Every structure is written in C-alpha cells, then in structure tokens.
Amino acid sequence: MYPVLKRFFDFIVALIVALILSPVLIPIIILLRFSGEGEVLYGQDRVGYRLSKFKIWKFATMLKNSPNMGSKDVTLRNDPRVTFWGKYLRITKLNELPQIFNVLTGDMSLVGPRPLMPVSFAYYSPEVQEKVYNSVPGITGIGSLIFRDEEHLVSTQTEFQSPHDFYKQRIYPYKGQLEMWYQKNKGLKVDFLILCLTAISLFFKQNRLVYQVFSDLPPNPFNPSVNAN
C-alpha cells in the first residue's frame, strides 16, 4: 500500500508544484537562454530504481564542457566552472526544480535515496549498492538533508589531496549508512518529516534538527556535536 500511496502523493504534489512555480520557472528559463552559453536544461545519466538508468534534469549552472574540466564530476565551493547565474541557482537549490518533471514521469519521487552518477554509485559498498535503490530515488532524502552543504565540506577538508578520495573514503561510507537507515525506516511518516525538514533547511543550513527528529540516525562523523543524545 505504501508504494501506491506514495506514487499518488508524488504525482499530485509534483503537478501542483509545477503549476504554482511556473511564474518562477519561466523567468529562469528566459534568463538562462539569453545569458552565459545559452543552455537552459542539463540532463545527466543517473542510477535509479532497481539499478535502472534514467536521465535527471536540472537547470544548467555550469559550462558545457565542465565534466572534462577541473575537478570533473566533483563540484567545489566557488568552482570556476559555475556560471554567474548558476551560482545563485545552486545556492538556493532552484537548479533542482526541473526534477519535478522527473517525479511526474515516475523516474523519481519527492523523497528517496539521492540518484547518483554511475561513477559515484561505484563508491558504495556492494551491500549498499544492492539495496539502496529498492526505493525510487528522490529529489530530497535523508542523505540530501545531512549533506545539505556538501560542496563546502569537500572544499574545506584537508585530510585528502584528492576530493575523489575524500568522497570514496569518508563521504560515501556515511551516505551508505544513512540510505540503509532510510530503507529500514521508510514510510509515509518518515517521508513527510523529511519533506518538512527539507523546507526548513532552505532557510537554516544546520542539520542538528535532523538528528533530533530522527534520534536513531547513524552518528555523524563530520560533526559529532549534532548527534542526538
């Protein structure tokens, strides 16, 4: 029953959001079309439900050839590949709005494990790879909440010379724990709470509240002070 109700809720909410936000979407489309390189949408292959592949859609915020430049698939804070307007779209998360249409087509849900590029998916352990996409991937999720400011974390770390090593050895092991927690606890109540916390996170970047609401989350190795007692 949960998957059916969730899909119904996803479709109705995504449709309403698309209609309500159309006054925002249209100006962004015009702005991107006539600035920078003129690119409006950026499609990227991601791993989805039951390990199927699909194309995720975002507003274009980086130079066309960015995957072959600089840090390649890793985006850092103040990354020179990000366009002028792209910087503001990324900070406000408005670049994620086109994923509403991924939800309407059923490739994504409002809440679920974040869909990864195949190269990033390979950083997960075999156990996590096997189970993480037993749920339809989401626009937001427990991993997205905890790593709300991931670019800052990667840009300021000093433990590894390569950001890819930091992802592989530090970020993805913990992300895997978080996604396994979601697989164990997923339900309408958890999804609703994640949506509410996501709305709050748009104004407050601190994730302490997430650990207070979900007191049984795996302890945060990056900021132990937020862990619930």
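All values reported here derive from a predicted model rather than from experimental measurement.

Asker: Please clarify how the overall build of the protein should be interpreted in this entry.
Answerer: Counting secondary structure elements, the protein contains 11 helices and four strands. Over its C-alpha trace the protein gives a radius of gyration of 17 Å, about what one expects of a compact globule, namely 17 Å for 229 residues. In terms of overall dimensions, the protein has a C-alpha envelope of 50 × 45 × 35 Å along the principal axes. Within the protein, the fraction of its 229 residues that count as buried is 45%.

Asker: Explain the pairing of strand β2 (residues 53-59) here, please?
Answerer: Pairing of strand β1 (residues 41-47) with β2, which is carried by seven bridges, proceeds in the antiparallel orientation. When the bridges of β2 are listed, Arg46 appears paired with Phe54.

Asker: Can you walk me through the packing of aromatic side chains in this structure?
Answerer: Both the distance between ring centres and the angle between the ring planes are used here to describe each pair of aromatic rings. All told, the structure shown has 14 aromatic pairs when counted by the stated rule. The interplanar angle of 25 degrees and the centroid separation of 5.8 Å between the aromatic rings of Phe121 and Tyr133 together place this pair among those described as stacked. Here Phe121, found in helix α5 (residues 118-121), pairs with Tyr133, found in the loop between α6 (126-131) and β4 (138-140); they are 12 residues apart in sequence, far enough to count as distant. A single burial state applies to Phe121 and to Tyr133, both of which are buried. Between Tyr167 and Tyr172 the ring centres are 5.7 Å apart and the planes differ by 40 degrees, which places this aromatic pair in the tilted class. With a relative accessible area of 9%, Tyr167 lands in the buried category. One aromatic cluster is present, formed by Phe121, Tyr123, Tyr124, Tyr133, Tyr167 and Tyr172 through successive ring pairs.

Asker: Is there a simple way to explain the nonpolar core in this structure?
Answerer: One finds Ile142, Ile146, Ile194, Val210, Phe214 and Leu217 to be the most contacted residues of the largest nonpolar core, which totals 42 residues. Among the secondary structure elements, those contributing two or more residues to this core are α1 (2-20), β2, α4 (99-105), β3 (109-111), α7 (142-146), α9 (163-185), α10 (188-201) and α11 (208-213). Counting residues per element, this core draws most heavily on α9, at nine residues. Once you skip the residues sitting within four places of it in the chain, Ile142 turns out to touch Leu178, Glu179, Trp181, Tyr182, Ile194, Val210, Phe214 and Leu217. With seven residues, the next largest nonpolar core counts Leu25, Leu32, Leu89 and Leu97 among its residues.

Asker: Which parts of the structure should I look at to understand the confidence of the model for the protein?
Answerer: Here the protein averages 90 in pLDDT, and 95% of its residues register 70 or above. Within the protein, the element-level pLDDT minimum falls on helix α8 (residues 150-156), averaging 82, and the maximum on β3, averaging 97.

Asker: When you look at α10 in this model, what are you seeing that I'm missing?
Answerer: An α-helix turns once per 3.6 residues; consequently, residues spaced three or four apart project the same way. The first and last C-alpha atoms of α10 sit 20 Å apart over 14 residues, in line with the 20 Å expected at 1.5 Å per residue. Residues of α10 that are buried make contact with α1, β3, β4, α7, α9 and α11.

Rules used throughout
- Residues numbered from 1 in each chain as written.
- Predicted model: local features only at pLDDT ≥ 70, side-chain atom pairs only at ≥ 80, totals over all residues.
- Heavy atoms only, no water.
- Helix = DSSP H or I, 4+ residues; strand = E, 2+ residues; numbered from the N terminus.
- Rg over C-alpha atoms; globule rule 2.2 N^0.38 Å.
- Buried < 20%, exposed > 50% of the residue type's maximum accessible area, 1.4 Å probe, protein only.
- Pairing = 2+ DSSP bridges.
- Phe/Tyr/Trp six-rings, centres within 6.5 Å; stacked < 30°, edge-to-face > 60°.
- Core = buried A, V, L, I, M, F, W, Y, C linked by side-chain atoms within 4.5 Å.
- Contact = heavy atoms within 4.5 Å.
- pLDDT = per-residue confidence, 0-100.
- Expected span 1.5 Å × (residues − 1).

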